[in-house]
2 protein chains.
Amino acid sequence: MNPSSSPLLTDHYQLMMMQSYLEQGMEETAVFELFVRKLPSCRNFMVAAGLEQVLDFLENLTFSPDELAWLAIRFQPHLIDYLERFHFNGDVHAMPEGTLFFPDEPILRITAPLPQAQLVESRVMNLLHFETMIATKAARSVLAAPGKLLVDFGMRRAHGAEAALLAARASYLAGFSGTATVLAGMLYGIPLFGTSAHSYIQAHPDEATALENFARSYPDNAVLLIDTYDTEAAAAKVVSLARKLSADGISIKGVRLDSGDLAMHARHVRRILDEGGLDDVAIFASGNLDEYRLSTLVSPAGSPAAPIDGFGVGTALDVSSDAPSLDCAYKLQEYAGKARRKRSEGKATWPGRKQVYRNYDVSSGYISHDIVTLEGEDRHGGEPLIVPVMRSGKRINGSSTLDEMRKRALAGYARLPQSLAAIDASSAYPVEISAPLRALANQLDVDTGAQPFQAPAS
Amino acid sequence: MNPSSSPLLTDHYQLMMMQSYLEQGMEETAVFELFVRKLPSCRNFMVAAGLEQVLDFLENLTFSPDELAWLAIRFQPHLIDYLERFHFNGDVHAMPEGTLFFPDEPILRITAPLPQAQLVESRVMNLLHFETMIATKAARSVLAAPGKLLVDFGMRRAHGAEAALLAARASYLAGFSGTATVLAGMLYGIPLFGTSAHSYIQAHPDEATALENFARSYPDNAVLLIDTYDTEAAAAKVVSLARKLSADGISIKGVRLDSGDLAMHARHVRRILDEGGLDDVAIFASGNLDEYRLSTLVSPAGSPAAPIDGFGVGTALDVSSDAPSLDCAYKLQEYAGKARRKRSEGKATWPGRKQVYRNYDVSSGYISHDIVTLEGEDRHGGEPLIVPVMRSGKRINGSSTLDEMRKRALAGYARLPQSLAAIDASSAYPVEISAPLRALANQLDVDTGAQPFQAPAS
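Turning our attention to the overall build of chain A. A count of helical and extended segments in chain A gives 17 helices and 19 strands. Along the first, second and third principal axes, the C-alpha set of chain A runs to 80 × 60 × 40 Å. The 458 residues of chain A split such that 56% are buried.

Here it is, written out as structure tokens:
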């Protein structure tokens, strides 16, 4: 069994509610929307990602005989009958992957019979939440190190197999150049990068032999790891080695630093390599990097940039270390044709089916403000961000390739004013709520006897 | 394909190194050990977890025809030939799951031909790192809320499917009572818990009807969600409902609070329920909980404990929010019969095959100190923590059940002195390095011309 596609990737209460909905005959159309309540620490925008995996999940959602047998001893026969015939036949609207977005803006809407839309909540959120979080984290490295080669090195400390694979995908989508995770290369066509590990050096009788053997194994593209014992001494060995190997037509592509003061070592190593005639050997760095350290290396205050050509970004990327979760929600906004609103303390939502319009500053071309409206409001001039992507359980043709999503994200960064493109927190981007949407929220509160008009906490 | 078992869940450099090792004929026995360099923020100990998944992975590691075909256009024929016949036939030693451990203590040792031991590094670390991190996080909630029902609610914001499943497993192993993740119930036999969501309440014409319908669907075990609109008003509705339903033999098991000031609402709700004769209706709470909030609710300074019987702990648990990664490493400690040592700045390791002995205080029974030794040193009196678990690629009989691992963890907590059992950081537990191990490290440094005896950074 491939657990990633099991319909039992859900919370127990979803099945309990489904069983109860069926008893009450509550199978009318529900509309759920997924949105982020507020930006995590230091983020100025988010990058939508994970839709492809959500659509795969929805399109292939069936219960296996084993799963049904297991459920049958825990739930009523009417639920099991329903699940036996289950497939998702709802509609999905969403922001295409790679779209930049802001709090209170729905990035996904599911319109389906209530039991269906309820069942899929847990996995839909699980997928969109994770990839969006990682794409957003990756975007910050891309913006912090413009023009540098950035590679995802995070598999070993990603939270399991799927996290590693989807982190490779989401970071590539957000502008990374590739990943070290082999299976992500096979599954998603992402370019693969690799150097060697300290164990390779250690397993050899001495460092010089190790460096030579690796270079001979990869005569065009060896990146030699030089920090196992003494970085500068190893750089000098690389110079001698390059002279020796050039006779055999072998060239060294780069060296990797993985510990210590990377800026200092990079400067020393660059000088050693240049003096040895190896100006074309690149320096690649890794080791506890994130967007803050990249920024310090690439744009240090008051000193020249470290001479580093590319970076492996690992753990901090794959776990989104400074914000390992998003405050996102999947909320019922309409049922049986009537708008709905949750009003729990600090968690009130904007009701109804919504659209988001993006507006640009005419002179700069930068984004200026978004407006969240009810679907169907006339907002000509603004660019609608939410499009239909699945109808009656089937994908609508024309989904993007991963490279198209990546271009969309990069184009989005180019239209960010400098304050939003910075890795430090900026003042919030304006997201307006349209008057008709406010009026609907107000009316629902009046109808249900709450205090009129309570703005969501965000 | 089930990506969780693919041998391509590895870093690209592992395959590059394998190809080079094979070219050099470097297939002698390598010994790698996995350990944590230092405790993450506020942790006083760690809980070993994830070994079962590691052994599953190793025991079933083969390359499929598709994978081989994909690799064949990227690597040399001699590597493809080797991978075609590949299976893992090494030995594994490890601390049993549920064992408490400390920095510098190996929790896993792999002894196998170098190319095999290299290939599996990324996935072995990926699995052990994650489950150990989550079990350690979960242990803190167990210690912060003694005697309370604790349930994993984190699937939706776990980092993908596998993270959700393994977080359910690791938190149960560490002493949680169960999970909401259905597939974890099916795969691992973990008890499942569920209530209902706000959407259930919102989809109904009014809250009272929703509460009644849910109670009728689950006549023995309904936990009613009461914070969708006004918590105390809903609690009063539960009292009326209970009177109405008792005539039909239906009882309400509990109510759930999910927002606002949980302690205050719990006190109000407890009073409303008690005054309505519902002293046996439990109060369950959820919403951004972690061990710190549990501690404040269960053991508030200077005020009575909040009357809450159980907690759903979600995101903070499943992503280990305050420490979403561990500083762990999988390092070559011996190759071809010779001990090896990495000396990169701040990352030096203790060489050789090691054992860990735990010692107890005779009067209190609490753990007093551990000693890390070379394997085979005589340390009678101490309890050796590392045992053989796989020989020549096959599991050794007698692996524990999940409930046995859970008992091991709980027994471990009982032998922690109070300072280590606290959720705030304590002074470090003593982990000694034996004299023979220090001497070996020293000798290796002398042999390789380094400064004699450089203690690891931790």
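From this point, the narrative continues.
On to the sheet that holds strand S5 (residues 108-113) of chain A, then. All names here are of chain A. Sheet architecture is open: 7 strands sit in the order S13-S12-S1-S5-S3-S17-S18, paired in antiparallel fashion. The outermost strands of the open sheet, each flanked by one partner alone, are strand S13 (338-339) and strand S18 (394-395). Helix H2 (residues 51-59) rests against strand S3 (91-94), strand S17 (387-391) and S18 of the sheet, and its axis sits at about 25 degrees to S17. Taken strand by strand, helix H6 (residues 121-144) contacts strand S1 (29-38), S5 and strand S12 (327-335), and its axis lies near 140 degrees from that of S12.

Residue and element names in this part refer to chain A. Note: strand S6 (residues 149-152) against strand S11 (residues 310-313), 4 bridges, orientation parallel. Looking at the pairing, Leu149 lines up with Gly310 of S11. With 2 bridges connecting them, strand S10 (residues 282-285) and S11 associate as parallel partners. Counterpart to Ala285 in the pairing with S11 is Phe311. Where the polypeptide runs from S10 across helix H13 (residues 291-298) and back to S11, its parallel neighbour, the crossover connection is right-handed.

Let's shift gears to the sheet that holds strand S6 (residues 149-152) of chain B. Neighbouring strands of a sheet are bound in pairs by backbone hydrogen bonds; such pairs are parallel or else antiparallel. All names here are of chain B. Strands sit in the order S7-S6-S11-S10-S9-S8 across an open sheet of 6 strands; the sheet is parallel. Of all strands in the sheet, those bounded by a partner on one side alone are strand S7 (178-179) and strand S8 (222-225). Relative to S7, S6 is paired through 2 bridges, and the arrangement is parallel. Its bridge partner being in S7, Val151 is matched across the sheet by Gly178. Against the sheet, helix H10 (residues 207-217) contacts S8 and strand S9 (252-257), and its axis sits at roughly 165 degrees relative to S8. Across the sheet, helix H11 (residues 231-246) is in contact with S8 and S9; its angle to S9 comes to roughly 175 degrees.

Let's shift gears to the relation of the copies chain A and chain B. Screw-axis analysis of chain A against chain B gives a translation of 0.0 Å along the axis, an RMSD of 0.0 Å, and a rotation angle of 180 degrees. Interpreted geometrically, this transformation is the action of a two-fold axis. Relative to the rotation axis, the C-alpha of Asn2 of chain A is the closest in chain A, positioned 2.3 Å from it. A share of 100% of interface residues in chain A that are also interface residues in chain B marks the association as one of identical surfaces.

Bringing the nonpolar core into the picture now. Core analysis: the biggest nonpolar cluster contains 295 residues, and Leu224 of chain A together with Leu224 and Val238 of chain B have the highest contact counts within it. Leave out the neighbours within four places in its chain, and Val238 of chain B touches Leu211, Leu224, Ile226, Ile252, Val255 and Leu273 of chain B.

A few words on the domain arrangement of chain A. All names here are of chain A. Examined at the domain level, chain A breaks down into domain 1 (3-135 + 329-447) and domain 2 (140-318). Just the C-alpha atoms count here: the centres of domain 1 and domain 2 sit 38 Å apart. Between domain 1 and domain 2, the contact holds 18 residues from the first and 20 residues from the second. Listed by contribution, the elements that provide at least two residues to the side of domain 1 that touches domain 2 are H6 and helix H15 (402-414). Among the elements that make up the side of domain 1 that touches domain 2, the one with the highest residue count is H15 (6 residues). Considered class by class, the residues forming the side of domain 1 that touches domain 2 number 12 nonpolar, 3 polar and 3 charged.

Looking now at the interface of chain A and chain B. Buried accessible area, meaning the area lost when the parts come together, often serves as the stated size of an interface. The partner chain B presents 82 residues to the 82 residues of chain A that form the contact. With 9 residues, helix H1 (residues 12-24) of chain A is the single largest residue contributor to the side of chain A that touches chain B. The residue makeup of the side of chain A that touches chain B, split by class, is 38 nonpolar, 32 polar and 12 charged.

Our focus in this paragraph is H13 of chain A. Residues and elements named next belong to chain A. Every buried residue of H13 is accounted for by Glu291, Arg293, Leu294 and Leu297. With its buried residues spanning 160 degrees around the axis, H13 presents them on a single face. Considering only its buried residues, H13 is in contact with H6, helix H12 (262-275) and S11.

For the rest of this paragraph, the subject is the pairing of S9 of chain B. In regular strands, side chains alternate between the two faces of the sheet. Residues and elements named next belong to chain B. Where burial is concerned, most of S9 is hidden: 5 out of the 6 residues are buried. Bridge analysis of S8 against S9 gives 4 bridges, and the strand direction is parallel. In the sheet register, Leu225 faces S9, and the bridge partner there is Arg256. Each parallel crossover has a hand, and the one from S8 via H11 to S9 is right-handed. Across 4 bridges, S9 lies against strand S10 (residues 282-285) in parallel orientation. Paired with Arg256 across the two strands is Phe284, which belongs to S10. Following the backbone out of S9, through helix H12 (residues 262-275) and into the adjacent parallel S10, one traces a crossover that is right-handed.

Time to look at the packing of helix H7 (residues 161-173) of chain B against helix H15 (residues 402-414) of chain B. All names here are of chain B. Across the interface, H7 lies against H15 with an axial gap of 8 Å and an inter-helix angle of 50 degrees. One finds that H7 runs oblique with respect to H15. For the pair H7 and H15, the contacting residues are Arg169, Tyr172 and Leu173 in the first and Leu402, Met405, Arg406 and Ala409 in the second. Split by residue class, the contact of H7 with H15 holds 5 nonpolar, no polar and 2 charged.

All names here are of chain A. Positioned with a positive phi, Asn288 is a non-glycine residue whose angle comes to about 55 degrees. Note that Asn288 resides in the loop between S10 and H13. Given 15 C-beta atoms within a 10 Å radius, Asn288 is considered partly exposed.

Our focus in this paragraph is the confidence of the model for chain A. When pLDDT is averaged along chain A, the result is 94; 97% of the residues meet or exceed 70. Across the predicted assembly, pTM comes out at 0.97 and ipTM at 0.96.

With that settled, consider the environment of Gln19 of chain B. Along the chain, Gln19 of chain B turns up in helix H1 (residues 12-24). Using a count of 20 C-beta atoms within 10 Å as the deciding quantity, one classes Gln19 of chain B as buried. Sequence separation of Gln19 of chain B and Gln76 of chain B is 57 residues, and the distance between their C-alpha atoms is 7.4 Å. Sequence-distant contacts of Gln19 of chain B, that is, excluding residues within four places in its chain, are made with Ser217 of chain A together with Phe75, Gln76 and Leu79 of chain B.

Our focus in this paragraph is the environment of Pro300 of chain A. Residues and elements named next belong to chain A. Structurally, the position occupied by Pro300 is in the loop between H13 and S11. By the C-beta count within 10 Å, which is 12 here, Pro300 ends up exposed. Spatially, the C-alpha atoms of Pro300 and Ala336 are 57 Å apart, while their sequence positions differ by 36 residues.

A few words on the environment of Gly175 of chain A. Residue and element names in this part refer to chain A. Along the chain, Gly175 falls in the loop between helix H7 (161-173) and strand S7 (178-179). What makes Gly175 buried here is the crowd of 22 C-beta atoms within 10 Å. As a C-alpha pair, Gly175 and Val151 span 24 residues in sequence and 9.8 Å in three-dimensional space. If sequence neighbours within four positions are ignored, Gly175 has contacts with Ala138, Ala139, Val142, Arg406, Ala409 and Leu410.

Conventions and cut-offs
- Residues numbered from 1 in each chain as written.
- Chains lettered and ligands numbered in written order.
- Predicted model: local features only at pLDDT ≥ 70, side-chain atom pairs only at ≥ 80, totals over all residues.
- Helix = DSSP H or I, 4+ residues; strand = E, 2+ residues; numbered from the N terminus.
- Buried ≥ 20, exposed ≤ 12 C-beta atoms within 10 Å, placed from the backbone.
- Pairing = 2+ DSSP bridges.
- Contact = placed C-beta atoms within 7 Å.
- Axes fitted to C-alpha atoms, helices over the stretch in contact; angles between N-to-C directions.
- Right-handed = clockwise from strand over helix to strand, strands pointing away.
- Least-squares fit on C-alpha atoms with pLDDT ≥ 70 in both.
- Core = buried A, V, L, I, M, F, W, Y, C linked by C-beta atoms within 7 Å.
- Domains from an automatic or database assignment.
- Nonpolar A, V, L, I, M, F, W, Y, C, P; charged D, E, K, R; others polar.
- Arc of directions from axis to C-beta.
- Parallel < 35°, antiparallel > 145°, perpendicular 65-115°, else oblique.
- pLDDT = per-residue confidence, 0-100.

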